[in-house]
Amino acid sequence: MTAEATGVRLTCDGPVATVTLCRPDVLNAQTPAMWRAMSDFARDLPGDVRVVVVRGEGRAFSAGLDLAVAGASGPGSFAELATLSEQECAERIAEFQAGFTWLHRPDVVSVAAVQGHAIGAGFQLALACDLRVLSTDAKLSMAEVTLGLVPDLAGTKRLVELVGYARALEICATGRRLDAAEADRVGLATLVVPPAELDGAVRDLTAGLLSGARDAVVEIKALLAGAAGRSHADQQRAEREAQTRRLRDLAGRGE
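What you see is a predicted model, and the numbers here were worked out from it, not measured in a lab.

Definitions and cut-offs
Residues numbered from 1 in each chain as written. Predicted model: local features only at pLDDT ≥ 70, side-chain atom pairs only at ≥ 80, totals over all residues. Heavy atoms only, no water. Patch = residues over 30% accessible without salt bridge, like charges linked within 9 Å, V, L, I, M, F, W, Y side chains within 5 Å. Areas by Shrake-Rupley, 256 points an atom, 1.4 Å probe, with all protein chains shown as cover. Salt bridge = Lys/Arg side-chain N within 4 Å of Asp/Glu carboxyl O. Helix = DSSP H or I, 4+ residues; strand = E, 2+ residues; numbered from the N terminus. Buried < 20%, exposed > 50% of the residue type's maximum accessible area, 1.4 Å probe, protein only. Pairing = 2+ DSSP bridges. Domains from an automatic or database assignment. Contact = heavy atoms within 4.5 Å. Buried area = accessible area lost by both parts, 1.4 Å probe. Nonpolar A, V, L, I, M, F, W, Y, C, P; charged D, E, K, R; others polar.

Our next topic: a nonpolar patch on the surface. Together, Leu67, Phe78, Leu147 and Leu149 line one region of the surface with nonpolar side chains, adding up to about 330 Å² of accessible area. Mapped onto the elements of the fold, Leu149 is located in the loop between strand S7 (139-141) and helix H7 (156-163). Look at Leu149 and you get partly exposed, because its relative accessible area is 34%.

Printed below as a string of C-alpha coordinates:
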(Lines give C-alpha, C1' and ligand atoms only; values in the text may rest on other atoms or scores of the structure.)
Protein backbone atom coordinates (compact mmCIF):
# COMPACT_ATOMS: atom_id res chain seq x y z
CA MET A 1 0.00 0.00 0.00
CA THR A 2 1.09 3.57 -0.60
CA ALA A 3 2.21 6.02 2.05
CA GLU A 4 -0.92 8.05 1.28
CA ALA A 5 -3.06 5.03 2.20
CA THR A 6 -1.15 3.94 5.29
CA GLY A 7 0.09 7.28 6.64
CA VAL A 8 3.70 6.15 6.92
CA ARG A 9 6.55 5.66 4.45
CA LEU A 10 9.97 4.05 4.33
CA THR A 11 12.81 5.59 2.34
CA CYS A 12 16.37 4.31 2.11
CA ASP A 13 19.60 6.12 1.30
CA GLY A 14 22.47 3.67 1.44
CA PRO A 15 22.98 2.58 5.06
CA VAL A 16 20.30 4.93 6.41
CA ALA A 17 16.58 4.19 6.33
CA THR A 18 13.98 6.76 7.34
CA VAL A 19 10.51 5.94 8.62
CA THR A 20 8.29 9.00 8.30
CA LEU A 21 4.83 9.37 9.80
CA CYS A 22 3.07 11.42 7.14
CA ARG A 23 -0.29 12.52 8.52
CA PRO A 24 0.67 16.05 9.57
CA ASP A 25 -2.93 17.29 9.31
CA VAL A 26 -3.77 15.16 12.38
CA LEU A 27 -0.36 15.55 14.07
CA ASN A 28 0.63 12.10 12.82
CA ALA A 29 -2.00 10.34 14.91
CA GLN A 30 -1.51 6.60 14.52
CA THR A 31 -3.79 3.86 13.25
CA PRO A 32 -3.60 0.05 13.03
CA ALA A 33 -2.92 0.45 9.29
CA MET A 34 0.22 2.42 10.15
CA TRP A 35 1.38 -0.24 12.62
CA ARG A 36 0.91 -3.00 10.06
CA ALA A 37 2.84 -0.98 7.48
CA MET A 38 5.67 -0.35 9.94
CA SER A 39 5.80 -4.06 10.72
CA ASP A 40 6.17 -4.75 6.98
CA PHE A 41 9.13 -2.36 6.86
CA ALA A 42 11.19 -4.92 8.80
CA ARG A 43 10.81 -7.32 5.88
CA ASP A 44 11.44 -4.63 3.26
CA LEU A 45 14.58 -3.20 4.88
CA PRO A 46 17.64 -3.63 2.62
CA GLY A 47 20.45 -5.67 4.12
CA ASP A 48 22.95 -2.81 4.02
CA VAL A 49 20.88 -0.52 6.29
CA ARG A 50 22.66 0.22 9.58
CA VAL A 51 20.67 3.14 10.99
CA VAL A 52 16.90 3.69 11.01
CA VAL A 53 15.64 7.21 11.69
CA VAL A 54 12.01 7.61 12.77
CA ARG A 55 10.40 11.03 12.37
CA GLY A 56 7.08 12.80 11.88
CA GLU A 57 6.10 15.31 9.23
CA GLY A 58 4.97 18.74 10.32
CA ARG A 59 4.99 20.18 13.81
CA ALA A 60 4.56 16.96 15.82
CA PHE A 61 6.27 13.59 16.06
CA SER A 62 2.96 11.87 16.83
CA ALA A 63 -0.07 12.90 18.87
CA GLY A 64 -0.75 9.23 19.65
CA LEU A 65 -3.64 6.98 18.78
CA ASP A 66 -6.10 8.31 16.22
CA LEU A 67 -9.25 8.37 18.34
CA ALA A 68 -11.39 8.93 15.25
CA VAL A 69 -10.40 5.42 14.16
CA ALA A 70 -10.14 3.75 17.55
CA GLY A 71 -13.45 5.18 18.72
CA ALA A 72 -15.36 4.12 15.60
CA SER A 73 -16.74 0.64 14.92
CA GLY A 74 -14.47 -0.64 12.15
CA PRO A 75 -11.34 -2.83 12.13
CA GLY A 76 -8.91 -1.95 14.89
CA SER A 77 -11.47 0.04 16.86
CA PHE A 78 -11.99 -0.43 20.58
CA ALA A 79 -15.46 -1.76 19.83
CA GLU A 80 -14.15 -4.39 17.43
CA LEU A 81 -11.34 -5.52 19.72
CA ALA A 82 -13.78 -5.87 22.62
CA THR A 83 -15.83 -8.41 20.63
CA LEU A 84 -12.86 -10.76 20.20
CA SER A 85 -11.95 -13.57 22.54
CA GLU A 86 -9.16 -12.84 25.00
CA GLN A 87 -6.69 -14.83 22.91
CA GLU A 88 -7.79 -13.20 19.64
CA CYS A 89 -7.53 -9.74 21.17
CA ALA A 90 -4.06 -10.47 22.52
CA GLU A 91 -2.97 -11.82 19.14
CA ARG A 92 -4.26 -8.68 17.43
CA ILE A 93 -2.33 -6.48 19.85
CA ALA A 94 0.78 -8.59 19.21
CA GLU A 95 0.43 -7.69 15.52
CA PHE A 96 0.28 -4.02 16.46
CA GLN A 97 3.35 -4.36 18.71
CA ALA A 98 5.35 -5.78 15.80
CA GLY A 99 5.22 -2.34 14.17
CA PHE A 100 7.34 -1.08 17.06
CA THR A 101 9.50 -4.00 18.17
CA TRP A 102 11.34 -4.42 14.87
CA LEU A 103 13.14 -1.21 15.79
CA HIS A 104 14.88 -3.26 18.52
CA ARG A 105 16.61 -5.35 15.84
CA PRO A 106 20.20 -6.18 16.77
CA ASP A 107 21.60 -5.35 13.32
CA VAL A 108 20.45 -1.71 13.24
CA VAL A 109 20.57 1.31 15.53
CA SER A 110 17.28 3.21 15.58
CA VAL A 111 17.02 6.96 16.24
CA ALA A 112 13.83 8.90 16.96
CA ALA A 113 13.82 12.55 15.86
CA VAL A 114 11.16 14.06 18.12
CA GLN A 115 9.61 17.47 17.71
CA GLY A 116 6.38 18.72 19.26
CA HIS A 117 4.02 16.17 20.72
CA ALA A 118 4.96 12.54 21.31
CA ILE A 119 1.87 11.32 23.12
CA GLY A 120 0.77 7.77 23.95
CA ALA A 121 1.61 5.65 20.92
CA GLY A 122 3.90 8.49 19.82
CA PHE A 123 5.84 8.28 23.08
CA GLN A 124 6.02 4.50 22.75
CA LEU A 125 7.33 4.80 19.19
CA ALA A 126 10.10 7.08 20.44
CA LEU A 127 10.83 4.57 23.22
CA ALA A 128 11.04 1.75 20.66
CA CYS A 129 14.11 3.45 19.22
CA ASP A 130 17.57 2.97 20.69
CA LEU A 131 18.26 6.71 20.80
CA ARG A 132 16.09 9.82 21.00
CA VAL A 133 17.03 13.30 19.77
CA LEU A 134 14.50 15.80 21.12
CA SER A 135 13.69 19.29 20.01
CA THR A 136 13.32 21.75 22.86
CA ASP A 137 9.61 22.01 22.02
CA ALA A 138 9.03 18.28 22.56
CA LYS A 139 6.23 17.19 24.90
CA LEU A 140 6.08 13.54 25.99
CA SER A 141 3.17 11.81 27.69
CA MET A 142 2.08 8.22 28.31
CA ALA A 143 -1.56 9.25 28.08
CA GLU A 144 -3.23 5.82 27.82
CA VAL A 145 -4.45 6.02 31.40
CA THR A 146 -6.64 9.00 30.49
CA LEU A 147 -8.59 6.64 28.20
CA GLY A 148 -8.78 3.90 30.82
CA LEU A 149 -6.12 1.92 28.93
CA VAL A 150 -2.56 0.73 29.51
CA PRO A 151 0.51 1.31 27.31
CA ASP A 152 0.62 -1.83 25.15
CA LEU A 153 2.94 -1.05 22.25
CA ALA A 154 6.11 -2.40 23.87
CA GLY A 155 6.90 0.85 25.66
CA THR A 156 6.68 -0.13 29.33
CA LYS A 157 9.89 -2.16 29.65
CA ARG A 158 11.90 0.44 27.73
CA LEU A 159 10.53 3.17 29.99
CA VAL A 160 11.47 1.29 33.18
CA GLU A 161 14.93 0.56 31.79
CA LEU A 162 15.49 4.25 31.09
CA VAL A 163 13.99 5.96 34.15
CA GLY A 164 13.46 3.23 36.77
CA TYR A 165 10.28 1.68 38.16
CA ALA A 166 9.09 4.50 40.42
CA ARG A 167 9.46 7.24 37.81
CA ALA A 168 7.92 5.04 35.11
CA LEU A 169 4.92 4.31 37.34
CA GLU A 170 4.42 8.00 38.04
CA ILE A 171 4.65 8.90 34.33
CA CYS A 172 2.23 6.15 33.24
CA ALA A 173 -0.26 6.40 36.12
CA THR A 174 -0.66 10.18 35.89
CA GLY A 175 -0.43 10.59 32.12
CA ARG A 176 1.22 13.95 32.68
CA ARG A 177 3.38 15.68 30.11
CA LEU A 178 7.14 15.96 30.32
CA ASP A 179 8.94 18.74 28.51
CA ALA A 180 12.27 18.22 26.78
CA ALA A 181 14.27 19.53 29.73
CA GLU A 182 12.72 17.02 32.12
CA ALA A 183 13.02 14.22 29.56
CA ASP A 184 16.72 15.00 29.34
CA ARG A 185 17.09 15.14 33.11
CA VAL A 186 15.45 11.74 33.76
CA GLY A 187 17.33 9.94 30.97
CA LEU A 188 14.78 9.78 28.16
CA ALA A 189 16.71 11.99 25.76
CA THR A 190 20.02 11.22 24.11
CA LEU A 191 20.30 14.84 23.00
CA VAL A 192 18.14 17.99 23.18
CA VAL A 193 18.54 20.71 20.55
CA PRO A 194 16.64 23.78 19.31
CA PRO A 195 13.96 22.98 16.69
CA ALA A 196 16.02 24.44 13.84
CA GLU A 197 18.92 22.14 14.72
CA LEU A 198 16.98 18.85 14.98
CA ASP A 199 17.67 17.60 11.46
CA GLY A 200 21.35 18.51 11.64
CA ALA A 201 21.77 16.85 15.03
CA VAL A 202 20.19 13.64 13.74
CA ARG A 203 22.48 13.71 10.69
CA ASP A 204 25.54 14.20 12.89
CA LEU A 205 24.49 11.39 15.21
CA THR A 206 23.83 9.10 12.26
CA ALA A 207 27.25 9.89 10.82
CA GLY A 208 28.83 9.04 14.15
CA LEU A 209 26.98 5.72 14.32
CA LEU A 210 28.14 4.87 10.80
CA SER A 211 31.77 5.74 11.49
CA GLY A 212 32.48 2.53 13.38
CA ALA A 213 32.78 -0.96 11.93
CA ARG A 214 29.31 -2.46 11.45
CA ASP A 215 30.05 -5.81 13.08
CA ALA A 216 31.62 -4.10 16.09
CA VAL A 217 28.57 -1.87 16.55
CA VAL A 218 26.27 -4.91 16.31
CA GLU A 219 28.29 -6.69 19.01
CA ILE A 220 28.33 -3.56 21.20
CA LYS A 221 24.56 -3.17 20.93
CA ALA A 222 24.03 -6.81 21.89
CA LEU A 223 26.39 -6.49 24.85
CA LEU A 224 24.66 -3.40 26.21
CA ALA A 225 21.12 -4.53 25.45
CA GLY A 226 21.61 -7.74 27.41
CA ALA A 227 23.64 -6.28 30.27
CA ALA A 228 20.73 -5.60 32.62
CA GLY A 229 19.69 -9.23 32.58
CA ARG A 230 23.17 -10.64 33.24
CA SER A 231 25.28 -10.96 36.36
CA HIS A 232 28.70 -9.29 36.37
CA ALA A 233 30.30 -12.64 35.65
CA ASP A 234 27.90 -13.38 32.80
CA GLN A 235 28.46 -9.94 31.31
CA GLN A 236 32.20 -10.36 31.49
CA ARG A 237 31.87 -13.71 29.74
CA ALA A 238 29.72 -12.10 27.05
CA GLU A 239 32.42 -9.47 26.57
CA ARG A 240 35.10 -12.13 26.19
CA GLU A 241 33.02 -14.08 23.69
CA ALA A 242 32.20 -10.98 21.65
CA GLN A 243 35.83 -9.85 21.60
CA THR A 244 36.97 -13.32 20.54
CA ARG A 245 34.57 -13.19 17.59
CA ARG A 246 35.84 -9.75 16.63
CA LEU A 247 39.51 -10.74 16.83
CA ARG A 248 38.96 -13.86 14.76
CA ASP A 249 36.95 -11.92 12.20
CA LEU A 250 39.58 -9.18 11.90
CA ALA A 251 42.23 -11.85 11.45
CA GLY A 252 40.19 -13.48 8.69
CA ARG A 253 39.42 -16.51 10.80
CA GLY A 254 35.73 -15.87 11.44
CA GLU A 255 33.03 -18.30 10.42
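Still more to cover.
Before going further, it helps to examine the pairing of strand S4 (residues 109-114). The element S4 is largely enclosed, with a buried count of 6 among its 6 residues. Alternating positions in S4 separate into two faces, Val109, Val111 and Ala113 on one and Ser110, Ala112 and Val114 on the other, with burial throughout. With 4 bridges connecting them, S4 and strand S6 (residues 131-135) associate as parallel partners. Counted as the bridge partner of Ala112 is Arg132 from S6.

Moving on: the domain arrangement of the chain. Domain assignment breaks the chain into domain 1 (8-210) and domain 2 (212-251). Computed over C-alpha atoms only, the centres of domain 1 and domain 2 are separated by 27 Å. Taken residue by residue, the interface counts 15 residues in domain 1 and 6 residues in domain 2. For domain 1, the biggest contributors to the area lost against domain 2 are Arg50, Pro106 and Asp107; these three give 53% of the whole. If you look at where domain 1 meets domain 2, you find 1 salt bridge. In terms of residues, the side of domain 1 that touches domain 2 owes the most to one element, helix H10 (residues 198-211), which gives 3 residues. Its residues assigned to classes, the side of domain 1 that touches domain 2 shows 7 nonpolar, 3 polar and 5 charged.

Time to look at the side chain of Ser77. Inspection of the secondary structure assignment puts Ser77 in the loop between helix H3 (67-70) and helix H4 (78-82). For Ser77, a relative accessible area of 0% translates into the label buried. Sequence-distant contacts of Ser77, that is, excluding residues within four places in its chain, are made with Val69, Ala70 and Ala72.

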